[in-house]
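Residue-level structure breakdown
In case you want the letters, here they are:
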Amino acid sequence: PLGFTDVNLNSRNTYEVSRRRSAPEHLPHGGTAPAEPAPPPQEPAERARQRVGIAGAGSSFAEFFTRNFFTKRTKELKPAVQSAPGWKLFGKVPPRENLPKDSKIIQQEYEARTGRMYKPPLPSARRKNIEFEPLSTTALILEDRPANLPAKSVEEALRHRQEYDEMVAEAKKREIKEAHKRKKIMRERFKQEENIASAMVIWVNEILPNWEGMRATRRVRELWWQGLPPSVRGKVWSLAVGNELNITPELYEIFLSRAKERWKSFSETTSENDIEDAGASVADREASLELIKLDISRTFPSLYIFQKGGPYHDLLHSVLGAYTCYRPDVGYVQGMSFIAAVLILNLEEADAFIAFANLLNKPCQLAFFRVDHSMMLKYFAAFEVFFEENLPKLFLHFKSYSLTPDIYLIDWIFTLYSKSLPLDLACRVWDVFCRDGEEFLFRTGLGILRLYEDILLQMDFIHIAQFLTKLPEDITSEKLFSCIAAIQMQNSNKKWAQVFASLMKDNKEGDKNHSPAPKS
């Protein structure tokens, strides 16, 4: 009886090969008949196909699926060698049919064709242990091409080797440069930490115990300019700001309890949206208690400590709420949350409230937070006097665009630079502000303009306003304070206080001249 013989033709098609391997070894035909062995690889394909029989009526579906669906004539498959070189990025592929030439033969052909002697690279420059070298996209340039692509010529291989060496050299240069930069930053950081540690000992053991006698000495002022150690910063701020209002921790608790009662009554009678819409027209400034909730979430949002659920949210809310009850004539003004937040980060709750209330009681802060337009104009006029004295070119550039100081100074003064500058740099500005007073706020503004003078001279009105509203984040304390130190707060032998006093005097005389004459 004729049986169906499975022909195991060698083919490159992996689907066919795997299908043949999974087919049964013996095919049933009536009884159990062994399958004929596959023809040897040397047997022609045409002859093998002639040996294929037609299955009888009792053939199973397995016999049908063992037939070769691919009638296309295929090449014989050579057994894959596991050690054959392949394109490593995409996995193993069958090796080339023609064996690769030996390197000596390639070298001889190259020398015969070009007439030049090939000098191989030094042993130290060759790649060692190629099998274990990590192959990045850069190193792929050194690998052989896949089997289905033309092989590299010697010239191309040499060029690729040279390009790879150049890329490696550039990468090493970048790494060395970045390593030096990191080391420099670390050295500066260690030096700064050592200076802070030594300064802290001086502040704790010498200056703070003798505050009144040493605060105005040259040595202390120089240490103050370099920045206060964080561990004594809050204490020095409290001493420098003072407590002219004689606020006690007990008084803070009284106004805090009043604020809590207000919050409770507001939550029972008015929704948050109603207060937001009507807050600007409420006669009683204590109604701004509810507005505080809306502004706290916008205070240092990158720190995530003052937002709802954060560790300092309730603390900031309490300090601002107590102040609005303590000073209903001022109430809450946008920007206060940043000042209170900086104080909370450096002082205890009651001490932060005392420093906050006394700081906002200073003439400059009181004029801005009470929106005293006449006083604010005096400060702007005094600022422009020193602006023209120190930065005449930039002053004329701003004048040509009618760009007045209120466009950028209001935000800086309202938040004492804590919103415009990085927090650590803002704290250092606060250090000297507590030493020199309101003059340093305007000197810092001139220092910022000096730092970015070349950039601002190339901008128009819109871009200047946008730039000064959101300063670059990479500003450093060394660059800024060097520019601040270069600002001279002296005009015609008059200092800031004298210039401001003369502006106030001129304003009073002008008001007197414009006042109506008394009736006879």
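Residues numbered from 1 in each chain as written. Predicted model: local features only at pLDDT ≥ 70, side-chain atom pairs only at ≥ 80, totals over all residues. Heavy atoms only, no water.

What follows is about the packing of aromatic side chains. Counted by the stated rule, this structure contains 32 aromatic pairs. Ring centres 5.2 Å apart and planes at 40 degrees place the aromatic pair W237 and W430 in the tilted group. Pair noted here: W237 is in helix α8 (residues 230-241) and W430 is in helix α19 (residues 423-436), with a separation of 193 residues, a long-range link. For the pair W237 and W430, one class covers both residues: buried. Ring centres 5.9 Å apart and planes at 50 degrees place the aromatic pair F383 and F387 in the tilted group. (Phe/Tyr/Trp six-rings, centres within 6.5 Å; stacked < 30°, edge-to-face > 60°. Helix = DSSP H or I, 4+ residues; strand = E, 2+ residues; numbered from the N terminus. Buried < 20%, exposed > 50% of the residue type's maximum accessible area, 1.4 Å probe, protein only.)

A positive phi angle is found at Y304, which is not glycine, with a value near 60 degrees. As for its position among the elements, Y304 is in the loop between α11 (289-296) and α12 (313-326). Located in the positive-phi region is V371, a residue other than glycine, with phi close to 55 degrees. With respect to the helices and strands, V371 occurs in the loop between α15 (363-369) and α16 (373-390). The exposure class of V371 is partly exposed, given its relative accessible area of 41%.

Here T444 shows up in helix α20 (residues 438-451). Excluding residues within four positions of it along the chain, T444 makes contact with Y417, V429 and I484. (Contact = heavy atoms within 4.5 Å.)

Those residues of helix α17 (residues 392-400) that sit buried are L394, F395, H397 and F398. Across the axial projection of α17, the buried residues extend over an arc of 160 degrees, all falling on one side. Seen from the buried face of α17, the exposed residues on the opposite side, beyond 90 degrees, are K393, L396 and S400. On its buried face, α17 sits against α16, α18 (406-415), α20, α21 (453-456) and α22 (461-469). (Arc of directions from axis to C-beta.)

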